[in-house]
Amino acid sequence: MNFDLPGLPDRCDKPRDNGLTMMMDKGLSIRQVEDTLSASHQYIDIAKLGFGTSMITNNLQQKLDLYKAAEVRTCFGGTLFELFYAKGLFDDYRKLIDKYDMPLVEVSDGSISMKHEDKCECISMLSEQTVVLSEVGSKDADNIIPPYKWIQLIETELEAGAWKVIGEAREGGNVGLFRSTGEVRSGLVEEILNTISGEKIMWEAPIKAQQVWFIKLLGANVNLGNIAPNEIIPLETLRVGLRGDTFDMFMDEKVKNKVNSNL
Amino acid sequence: MNFDLPGLPDRCDKPRDNGLTMMMDKGLSIRQVEDTLSASHQYIDIAKLGFGTSMITNNLQQKLDLYKAAEVRTCFGGTLFELFYAKGLFDDYRKLIDKYDMPLVEVSDGSISMKHEDKCECISMLSEQTVVLSEVGSKDADNIIPPYKWIQLIETELEAGAWKVIGEAREGGNVGLFRSTGEVRSGLVEEILNTISGEKIMWEAPIKAQQVWFIKLLGANVNLGNIAPNEIIPLETLRVGLRGDTFDMFMDEKVKNKVNSNL
Amino acid sequence: MNFDLPGLPDRCDKPRDNGLTMMMDKGLSIRQVEDTLSASHQYIDIAKLGFGTSMITNNLQQKLDLYKAAEVRTCFGGTLFELFYAKGLFDDYRKLIDKYDMPLVEVSDGSISMKHEDKCECISMLSEQTVVLSEVGSKDADNIIPPYKWIQLIETELEAGAWKVIGEAREGGNVGLFRSTGEVRSGLVEEILNTISGEKIMWEAPIKAQQVWFIKLLGANVNLGNIAPNEIIPLETLRVGLRGDTFDMFMDEKVKNKVNSNL
């Protein structure tokens, strides 16, 4: 930090297993990646090259190298896995992951329907190659999955070899974990957390109010995903109470009561 | 593309006459233009220097040169034409287009009222200098133009010499082709397409749901405008089915049915 | 300007005391600051390093130097003052302002409750070190301050030594001066202006419709704050009538009537 301020919450250091920030890179140029890293590399754990953007953005290898040098783990979007899988090209996808030496791979079924045992088989096979993030939740706003089913899916995918399970929200933050208005399905989240440790879940939360909600529930070191590049630093200020929305979280009561006579 | 995936739709190559993407540059710096081009130059056909930004953004000539070198055609916003015209300075505007050797010029009447025969006369005169994009649709949300009138205006402007006619939406995507909520006036679009070839129209569609709607209606090679610089690559993934929203468009039925047993 | 167009309103030159644009920098990298300045330095008067971002963004001193060289005055977010103050570290904050030789400091109470005489005492003490911007309005949407109270607070803070008083809106433009929908509390603004000169107030107005509203009310040289970096040039076009929304403001009646026969 640039200067001292006592009483801020501890944040785990990179490489960390909890308190992860997953950034959404949906087509950044090399220099834009450099810019983002120069201002905030220590706050970015994962860069997801969203949906199929990795296929068409210029200078892919150079971008992967840049992230690697900054200890940011890269991951292609789950939609790319689904495309290969749907076309019967799962083996080609496995080769692609090896070819680019991807430190992470996402397995999702947000746009296709596949048997859950097949999804788990994919997770299992890919976990022999690299670290797997699986994703639960449909991209279809009309496809509401009940809480008991979320729990069942998450547990089975972790058993199959997933490192963490992502709770779907899309870039818009309006499906899966959230209502179409962006409001958190708080009952769903609480039921999940009643059974599964929050550390095993990466919550997609692209909208500030959603980030605040999860930080208030689970603290500074909650795993949050689908963060836009220019929201990395604002999110970090939320995590450590440097912004109005979470200002009170890390103030002790004595300080709060003294606030009227602090000159 | 960085790697192969069979079955994606064909996209025309640059310079193309259809399947155009018109980007909105509302004040990018030189290096920001370089960044955008380095990641995605092949997906950008036109850079519109929105409204009057060309007048006040530093380093205009250098920017025009950069776009030209990347085979991106530049265009001043229609509002600039309207300003010169309203002040009785149409001849000065013609000289300006020549001075900067603009490959495109936009003729619109979104903020002024002018006789349509005068607008067509402007289109005709400017089309002797360079390529003309004309625009139909008011920037005023309360000024609803009925479909038969849109068709009449578009046809007359094409006859007067316009290369394509732009359907107005503004940067916000909430007027002209769209309701104030951003919803497409689908009846209007369908009536227009019943008479006029979709290839002659550039649809302004700044919002993702609008882009998806037009791609589903007219395919990968629809002309789309008012695209933000950081949405160029996401739009291209929509065009070729690399994103959840258009994922199904380019899957053949055999693949769709096989999707449950693709290991 | 890149070319001439008669009849645009006069804008004051930098360094100016009125017609200020305060940009919100919420974690820009060094190169992103350079980019913003290269395209538009003459339109940026103040760069606010929003809330506590100055504490965690890399290369702080280099950023401050860059802004200074471009004659852009920098300011830490008011939330940072509030954090130090709430923790009983006001003296440390004063030292921090000196250490970084900040040309501006913001004193606010948007997230804490403090006696107004204590706030004014802080304003007074800090105004001996540098130039003070104070801020009125809660970040809490449920905490509605009535107009007479706004006026009283503003007047007292100006007397205590504030150079200008900021009207709170947050980054979202949905509290303080605005309703939760973003709509201006126009009655509040008009009551304030009935007593206090508009030149003494910096209106936070992050949303375009809000900027248009204030420009229509107070003209090209109104003070506007919380402007995103990529909205600096679009805002400047609004100020001088180079965009549809304020197009008519600077057209004289003779021109408006002639508009139909300008070929």
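Further up the page is the structure itself.
Along each chain, the written sequence defines residue order, and numbers are assigned to residues from 1. Note on labels: chains are lettered from A, ligands numbered from 1, in written order. Restriction of local features to residues with pLDDT of at least 70 applies here, the model being predicted, together with a cutoff of 80 or more for giving and counting side-chain atom pairs; totals for whole chains, interfaces and linings are based on all residues. In computing side-chain values, all of the structure's heavy atoms are included and hydrogens and water are not.

Trainee: Any chance you could explain the overall build of chain A here in plain terms?
Mentor: Runs of H or I in DSSP of at least four residues are treated as helices and runs of E of at least two as strands, each being numbered from the N terminus. A tally of regular secondary structure across chain A gives 11 helices and eight strands. The globule rule used here is 2.2 Å times the number of residues to the 0.38 power, and the radius of gyration it is set against is calculated over C-alpha atoms. Its C-alpha atoms give chain A a radius of gyration of 19 Å, within 12% of the compact-globule value 18 Å for 263 residues. With the C-alpha coordinates aligned to their principal axes, the bounding extent of chain A is approximately 70 × 45 × 30 Å. Think of it in three bands: with a 1.4 Å probe and only protein chains considered, a residue is buried below 20% of the maximum accessible area for its type, exposed above 50%, and partly exposed in between. Classification of the 263 residues of chain A by burial places 62% in the buried group.

Trainee: Any chance you could explain the packing of aromatic side chains here in plain terms?
Mentor: Given two aromatic rings, their pairing is described by the distance between the two centres and the angle made by the two planes. Geometry of aromatic contacts follows a simple scheme: Phe, Tyr and Trp rings, the Trp one being its six-membered ring, pair when their centres are within 6.5 Å, and the pair is stacked under 30 degrees between planes, edge-to-face over 60, tilted otherwise. Taken as a whole and judged by the stated rule, the model has 36 aromatic pairs over all chains. Centre to centre, the rings of Phe-76 of chain B and Tyr-100 of chain B are 6.1 Å apart; their planes meet at 80 degrees, and the pair counts as edge-to-face. Separated by 24 residues along the polypeptide, Phe-76 of chain B in strand 3 (residues 73–76) and Tyr-100 of chain B in the loop between helix 5 (90–99) and strand 4 (104–107) bring together distant segments of the chain. Neither Phe-76 of chain B nor Tyr-100 of chain B differs from the other in exposure class; each is buried. Taken together, a centroid distance of 6.4 Å and an interplanar angle of 45 degrees make the contact between Phe-84 of chain B and Phe-3 of chain C tilted.

Trainee: Just checking my understanding: could you explain helix 5 (residues 90–99) of chain C for this structure?
Mentor: Structurally, the α-helix is built with 3.6 residues per turn, so residues lying three or four positions apart point the same way. Residue and element names in this part refer to chain C. Buried within helix 5 are the following residues: Phe-90, Tyr-93, Arg-94, Leu-96 and Ile-97. Buried residues of helix 5 fall within an arc of 155 degrees about the axis and therefore sit on the same side. Of the residues in helix 5, the exposed ones pointing more than 90 degrees away from the buried face are Lys-95 and Lys-99. Contact partners of the buried residues in helix 5: strand 3 (73–76), helix 4 (78–86), strand 4 (104–107) and helix 6 (116–126). Looking one or two residues beyond helix 5, the residue adopting positive phi is Asp-101, at roughly 50 degrees. The arc under discussion is defined with respect to the helix axis, by the directions toward the C-beta atoms. Throughout, a residue-residue contact means that at least one pair of heavy atoms, one from each residue, lies within 4.5 Å.

Trainee: Just checking my understanding: could you explain the relation of the copies chain B and chain A for this structure?
Mentor: All copies are superposed by least squares; the fitting set is the C-alpha atoms of residues with a pLDDT of at least 70 in both. The two copies are related by a screw operation: chain B maps onto chain A through 120 degrees of rotation and 0.0 Å of translation along the axis, at an RMSD of 0.0 Å. What the superposition gives is, in effect, a three-fold axis relating one chain to the other.

Trainee: Any chance you could explain the interface of chain B and chain A here in plain terms?
Mentor: Accessible area lost when the parts come together is the quantity often used to give the size of an interface. Contact residues are listed per partner, giving 40 residues for chain B and 41 residues for chain A. Summed over both partners, the accessible area lost on bringing two parts together, with a 1.4 Å probe, is the buried area. Both sides together, the interface formed by chain B and chain A hides about 3,400 Å², and carbon and sulfur atoms give 59% of it. Salt bridge criterion: a side-chain nitrogen from Lys or Arg within 4 Å of a carboxyl oxygen from Asp or Glu. Linking chain B with chain A are five salt bridges. A salt bridge links Glu-34 of chain B to Arg-31 of chain A; its shortest N-O distance comes to 2.7 Å. Throughout this description, a polar contact denotes any pair of N or O atoms lying within 3.5 Å of each other; where both atoms belong to protein, one of them has to be capable of donating a hydrogen while the other can accept it, and for residues adjacent in sequence the pair is counted only when both atoms sit in side chains. Taken together, chain B and chain A are joined by 16 residue pairs in polar contact (both at pLDDT 80 or more). Every element with two or more residues in the side of chain B that touches chain A is listed here: helix 1 (30–40) and helix 10 (232–239) of chain B. Sorting elements by how many residues they give to the side of chain B that touches chain A places helix 1 of chain B first, with seven residues.

Trainee: Whenever I open this one, the layout of surface pockets confuses me. Can you help?
Mentor: To find leftover empty space, a probe the size of one water molecule is rolled over the atoms. Residues and elements named next belong to chain A. The definitions used throughout rest on a 1 Å grid laid over the protein atoms alone, on which a cavity is an enclosed set of points accommodating a 1.4 Å probe that cannot get out and a pocket is an open set flanked by protein within 12 Å on both sides along at least five of seven lines; lining residues are those having an atom within 4 Å of a point. Grid points are joined across faces, edges and corners, and a volume is the space filled by probe spheres set on the points. The calculated volume of the second largest pocket comes to roughly 490 Å³. As for the second largest pocket, its lining consists of 26 residues, of which Asp-109, Gly-110, Ile-112, Ser-138 and Asn-143 are closest to the centre. Counting residues per element, the ones that place at least two in the lining of the second largest pocket are helix 6 (116–126) and helix 7 (147–160). Looking at which element gives the most residues to the lining of the second largest pocket, the answer is helix 7, with three residues. For this classification, the nonpolar set comprises Ala, Val, Leu, Ile, Met, Phe, Trp, Tyr, Cys and Pro, the charged set comprises Asp, Glu, Lys and Arg, and every other residue, Gly included, is treated as polar. For the lining of the second largest pocket, the residue count by class is seven nonpolar, nine polar and 10 charged.

Trainee: Please clarify how the pattern of salt bridges should be interpreted in this entry.
Mentor: It is possible for side chains of opposite charge to pair when their charged atoms get near one another. Within this structure, the stated rule accounts for 60 salt bridges over all chains. Members of the salt-bridge network, linked through shared partners, are Lys-26, Arg-170 and Glu-171 of chain A together with Lys-208, Glu-231, Arg-243 and Asp-245 of chain B.

Trainee: Would you mind showing me how to read helix 4 of chain C here?
Mentor: Residue and element names in this part refer to chain C. Buried residues dominate helix 4, accounting for nine of its nine residues. Within the sequence span of helix 4, burial applies to Gly-78, Thr-79, Leu-80, Phe-81, Glu-82, Leu-83, Phe-84, Tyr-85 and Ala-86. Two residues or fewer past helix 4, Gly-88 is found with a positive phi of approximately 75 degrees.

Trainee: Hey, could you run me through the sheet that holds strand 3 of chain C in this one?
Mentor: Strand pairing in a sheet relies on backbone hydrogen bonds, with the paired strands running either antiparallel or parallel. Residue and element names in this part refer to chain C. The strand order across the open sheet built from eight strands is 3-2-1-8-7-6-5-4, with neighbouring strands paired in parallel fashion. One side of each edge strand has no neighbouring strand; the edge strands of this open sheet are strand 3 and strand 4. The mean inter-strand angle of the sheet, taken between neighbouring strand axes irrespective of direction, is 25 degrees. In this description, a line fitted to the C-alpha atoms serves as the axis of each element, helices being fitted only across the stretch in contact, and the angle between N-to-C directions of two axes falls anywhere from 0 to 180 degrees. The strands that helix 7 (residues 147–160) touches are strand 5 (131–136), strand 6 (164–167) and strand 7 (201–204); relative to strand 5, the one it contacts most, it runs at about 170 degrees. What makes two strands pair is DSSP finding at least two bridges between them.

Trainee: When you look at the interface of chain A and chain C in this model, what are you seeing that I'm missing?
Mentor: If you look at the interface, chain A gives 40 residues, while chain C gives 41 residues. There are five salt bridges connecting chain A and chain C. Taking the shortest distance from any N to any O, the salt bridge between Glu-171 of chain C and Arg-243 of chain A comes out at 2.7 Å. When contributions to the side of chain A that touches chain C are tallied by element, the ones reaching two or more residues are helix 1 (30–40) and helix 10 (232–239) of chain A.

Trainee: Got a minute to help me understand the sheet that holds strand 5 (residues 131–136) of chain A in this structure?
Mentor: Residue and element names in this part refer to chain A. Read across the open sheet, the eight strands follow the order 3-2-1-8-7-6-5-4; overall the sheet is parallel. Of all strands in the sheet, those bounded by a partner on one side alone are strand 3 (73–76) and strand 4 (104–107). With strand direction ignored, the average angle separating the axes of adjacent strands in the sheet is 25 degrees. Relative to strand 7 (residues 201–204), strand 6 (residues 164–167) is paired through three bridges, and the arrangement is parallel.

Trainee: Is there a simple way to explain the relation of the copies chain A and chain C in this structure?
Mentor: Comparison of the two chain copies shows a relationship of rotation about an axis with a shift along it. Of the two same-sequence chains, chain A is brought onto chain C (RMSD 0.0 Å, axial shift 0.0 Å) by a rotation of 120 degrees. Comparing contact sets, just 2% of the residues at the interface of chain A also lie at the interface in chain C, consistent with a heterologous contact between different surfaces.

Trainee: Where do I start with the pairing of strand 8 (residues 224–227) of chain C in this structure?
Mentor: Every other side chain in a regular strand lies on the same face of the sheet, so the side chains alternate between the two faces. Residues and elements named next belong to chain C. Sheet topology places strand 1 (residues 21–25) next to strand 8; two bridges connect them, and they run parallel. Each residue of the ladder has a partner; that of Thr-21, found in strand 8, is Leu-224. One ladder, built from two bridges, connects strand 7 with strand 8; its direction is parallel. Note on strand 8: the bridge partner recorded for Trp-203 is Leu-224. Orient the strands so they point away from the viewer, and a crossover whose first-strand-to-second-strand path over the helix runs clockwise is right-handed. In the classification by handedness, the crossover that spans strand 7, the intervening helix 9 (residues 208–218) and the parallel strand 8 is right-handed.

Trainee: Looking at this model, I keep getting lost on the environment of Leu-193 of chain B. Mind explaining?
Mentor: Residues and elements named next belong to chain B. Tracing the chain through its elements places Leu-193 in helix 8 (residues 186–195). Overall, the relative accessible area of 23% leaves Leu-193 in the partly exposed class. Between the alpha carbons of Leu-193 and Leu-218 there is a distance of 9.9 Å; along the sequence they are 25 residues apart. With residues up to four places along the chain from it excluded, the contact list for Leu-193 reads Gly-198, Trp-203, Leu-217 and Leu-218.

Trainee: Mind showing me how you'd approach the packing of helix 8 of chain B against helix 9 (residues 208–218) of chain B here?
Mentor: Axes are the key here: two packed helices are described by the angle between their axes and the distance separating the axes. All names here are of chain B. Viewed as axis vectors pointing N to C, helix 8 and helix 9 meet at an angle of 35 degrees, and their least axial separation amounts to 13 Å. For helix 8 against helix 9, the interelement crossing comes out right-handed. The segment helix 8 lies against helix 9, with Ser-186, Val-189, Glu-190 and Leu-193 engaging Trp-213, Phe-214, Leu-217 and Leu-218. Looking at the contact of helix 8 with helix 9, its residues break down into six nonpolar, one polar and one charged. Put simply, a crossing is left-handed when the front helix is turned counterclockwise from the back one by less than a right angle, and right-handed when it is turned clockwise.

Trainee: Explain the side chain of Glu-135 of chain A to me, please; I cannot follow it from the model alone.
Mentor: Residue and element names in this part refer to chain A. When you line up the elements, Glu-135 lands in strand 5. Residues scored as positive are Lys and Arg, those scored as negative are Asp and Glu, and His as well as the terminal groups of each chain are ignored. No salt bridge is formed by the buried Glu-135, whose closest oppositely charged neighbour, Lys-48, lies at an N-O distance of 4.1 Å. With residues near it in sequence (within four places) discarded, Glu-135 still touches Lys-48, Glu-106, Val-107, Ser-108, Asp-109, Lys-119, Glu-157, Ile-166, Glu-168 and Glu-204.

Trainee: I tried to follow the environment of Asp-142 of chain A on my own but got confused; where do I start?
Mentor: Residue and element names in this part refer to chain A. Considering the arrangement of structural elements, one finds Asp-142 in the loop between strand 5 and helix 7. Given a relative accessible area of 71%, Asp-142 falls into the exposed group. Sequence separation between Asp-142 and Ile-46 is 96 residues, and the spatial gap between their C-alpha atoms is 29 Å.

Scope: geometric values only; no functional claims are made or implied.
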